[in-house]
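# Chains, contacts and geometry: an overview
Now for the letters of each chain:
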Amino acid sequence: MSAKIRHYYAGGNTAKGFFSLYDSVLEDLDRLFILKGGPGTGKSTLMKKIGEIYEGKGFDIDYLHCASDNNSIDGVILPTCKIGIVDGTAPHIIEPKAPGVIEEYVNLGVAWDSEKLSANKAAILGLNEMISIKFKTAYETFAEALCAHDDIEDIYISNMDFSEANKLTEELINLFYGENALAKSPKIKHRFLGAATPLGAVDFIQNLTEDIEKRYFIKGRAGSGKSTMLKKIVAAGEEKGFDVEVYHCGFDPNSLDMVILREKGIAIFDSTAPHEYFPDRDSDEVIDMYERCITPGTDEEFASDIARTTKAYKDKMKEAISYLAEAKELRDELEGYYVDAMDFMKVEEIQQSLISEVELYITKLC
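Worth saying up front: this structure is predicted, and the values here are computed from it rather than measured.

## Focus on the nonpolar core
- Residues Phe142, Phe176, Ile233, Phe251 and Ile268 are the most contacted members of the largest nonpolar core, which totals 59 residues.
- Broken down by element, the residue count for this core peaks at 13 residues, all from helix α4 (residues 121–157).
- Contact partners of Phe142, with chain neighbours within four places excluded, come to Asn13, Thr14, Ala15, Ala196, Phe251, Met317, Ala320, Ile321 and Leu324.
- Membership of the second largest hydrophobic core comes to 28 residues, among which are Leu29, Val86, Phe217 and Met258.

Structure below.
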């Protein structure tokens, strides 16, 4: 069997600020290496290198992508061996459960020239402050976009047949689980399938569902009950003992975008913009919430209101993304100071030492 390489986010830039799901993503690991060091110290490069090494050896790999830098990752996990390496710098602070037993800190800061950094203290502090302001403004703007999105939802909620939505949900729960139940404690994993990034919305739906036998594409409108239905499917699966992968919305973390039941070979996800996909396999199936649960003619009757609120939402989303892009430019400038102050020979030594430690651990347990 070929290795499974999965991509997702453990943290995101959302309407609720930076939102972390690291506790859930990392909770089952028996060994976790937490990287410390400033921007540009080689954390992402080191993690990518280790991922590539173990991909080449046929291990399953999970890559945790960085929502603030499309070219970086925030972590790499070998799920079969329950070992992970993550960036432990802000904003994704990792609280250790058993330092030295499970978690081990790896400090890349030992490889920098403090005198060089001190010589640029004012510039570094100034850039840090500007980056913080850009992120704060982005989060505030995402919150404004969410308010506009709520206005869109209100239109459809007021024209929603909730009894029909409940009936559809029960039909799916019966279809997915039937009378089946597993005599075990279920594992519930919370992740983001996508994120708002400096380059716009990015998702990994296709990667995460590539080996799933049956995929359900939920179509509908904002407020047509997609997330609520997914939450009920999660609750039913947990109650029946099934492992559930729960994928939160990268814009509104209180909403769900996808649920995967790998034991059942089922994935069901919100397939509307910005992660709009269409069936491309014979086994794919569409679930149309608008057709099933919304009063016919709602789009036409409220066309002007929908157009107005949709424009407000899209404009605010575009504005918020621009602040993330500006923060990325400033962060690139900040990284330059650290790159210039780094002894990458020392970084290479740290990398080789970490690889050796990972290899030793894997040799013992896998």
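## Overview of the pairing of strand β2 (residues 11–14)
- On β2, burial covers both faces: Gly11 and Asn13 on one face and Gly12 and Thr14 on the other are all buried.
- Judged from the 4 bridges that link them, β2 and strand β3 (residues 17–20) form a sheet pairing that is antiparallel. By the bridge assignment for β3, Thr14 is matched with Gly17.
- Counting the residues that bridge the hairpin from β2 to β3 gives 2 residues.

## So, the side chain of Thr89
- Position of Thr89 relative to the elements: it lies in the loop between β7 (83–87) and β8 (103–107).
- Given a relative accessible area of 15%, Thr89 falls into the buried group.

## Structural notes on the packing of α4 against helix α10 (residues 303–341)
- Between α4 and α10, the least distance of the axes is 8 Å, while the angle of their chain directions is 165 degrees. Accordingly, the angle class assigned to the pair α4 and α10 is roughly antiparallel. α4 and α10 meet at a crossing whose hand is left-handed.
- In terms of residue class, the contact of α4 with α10 is made up of 26 nonpolar, 6 polar and 9 charged.

## Looking at the environment of Tyr361
- Position of Tyr361 among the secondary structure elements: in helix α11 (residues 344–365).
- What makes Tyr361 buried here is its relative accessible area of 17%.
- Measuring from C-alpha to C-alpha, the distance between Tyr361 and Ile83 comes to 8.7 Å, with 278 residues separating the pair along the chain.
- For Tyr361, the contacting residues outside a window of four places in its chain are Asp30, Arg31, Cys81 and Ile83.

## Structural notes on the state of the cysteines
- By the definition in use, this model includes 0 disulfides.
- The thiol sulfur of Cys147 is not disulfide-bonded, and the nearest other cysteine sulfur, from Cys249, lies at 15 Å.

## Description of unusual backbone geometry
- Between Ala90 and the following residue, Pro91, the backbone shows a cis peptide bond with an omega angle of 10 degrees.
- Mapped onto the fold, Pro91 is located in the loop between β7 and β8.
- Here Ala273 and Pro274 are connected by a cis peptide whose omega angle stands at 10 degrees.
- Here Pro274 lies in the loop between β15 (266–270) and β16 (285–288).
- One non-glycine residue, Lys82, lies in the positive phi region at around 55 degrees.
- The topology assignment puts Lys82 in the loop between β6 (73–78) and β7.

## Quick notes on the domain arrangement of the protein chain
- Split into domains, the protein chain comes out as domain 1 (5–111 + 343–365) and domain 2 (161–294).
- When each unit is reduced to the centre of its C-alpha atoms, the spacing between domain 1 and domain 2 is 28 Å.
- The interface of domain 1 with domain 2 comprises 25 residues on the first partner and 27 residues on the second.
- Of the roughly 2,100 Å² buried where domain 1 meets domain 2, counting both sides, 56% is carbon and sulfur surface.

## As for the pattern of salt bridges
- A full pass over the atoms with the stated rule returns 25 salt bridges.
- Glu359 is paired through a salt bridge with Lys57; the nearest N and O atoms lie 3.0 Å apart. Here the residue Glu359 occupies a position in helix α11, and Lys57 occupies one in the loop between α2 (43–56) and β5 (61–65), the gap between them amounting to 302 residues.
- You can call Glu359 partly exposed: its relative accessible area is 27%.
- Look at Lys57 and you get partly exposed, because its relative accessible area is 46%.
- Arg262 is the salt-bridge partner of Glu245, the closest N and O atoms lying 2.5 Å from each other. One end of the pair, Glu245, is in strand β13 (residues 244–248); the other, Arg262, is in the loop between β14 (256–261) and β15, with 17 residues separating them in the sequence.
- The exposure class of Glu245 is buried, given its relative accessible area of 12%.
- Take Arg262: its relative accessible area is 24%, and that puts it in the partly exposed class.

## Some words on helix α7 (residues 226–239)
- When the terminal C-alpha atoms of α7 are compared, their 20 Å separation across 14 residues agrees well with the 20 Å that a helix rising 1.5 Å per residue should span.
- Buried within α7 are the following residues: Lys226, Ser227, Met229, Leu230, Ile233, Val234, Ala236 and Gly237.
- Buried residues along α7 sit in contact with α5 (162–177), β12 (214–219), β13, β14, β15 and α8 (289–293).
- Following α7 by one or two positions, Gly241 adopts a phi angle in the positive range, close to 90 degrees.

Conventions and cut-offs
Residues numbered from 1 in each chain as written. Predicted model: local features only at pLDDT ≥ 70, side-chain atom pairs only at ≥ 80, totals over all residues. Heavy atoms only, no water. Core = buried A, V, L, I, M, F, W, Y, C linked by side-chain atoms within 4.5 Å. Buried < 20%, exposed > 50% of the residue type's maximum accessible area, 1.4 Å probe, protein only. Helix = DSSP H or I, 4+ residues; strand = E, 2+ residues; numbered from the N terminus. Contact = heavy atoms within 4.5 Å. Pairing = 2+ DSSP bridges. Axes fitted to C-alpha atoms, helices over the stretch in contact; angles between N-to-C directions. Parallel < 35°, antiparallel > 145°, perpendicular 65-115°, else oblique. Left-handed = near helix turned anticlockwise from the far one by under 90°. Nonpolar A, V, L, I, M, F, W, Y, C, P; charged D, E, K, R; others polar. Disulfide = S-S within 2.5 Å. Domains from an automatic or database assignment. Buried area = accessible area lost by both parts, 1.4 Å probe. Salt bridge = Lys/Arg side-chain N within 4 Å of Asp/Glu carboxyl O. Expected span 1.5 Å × (residues − 1).

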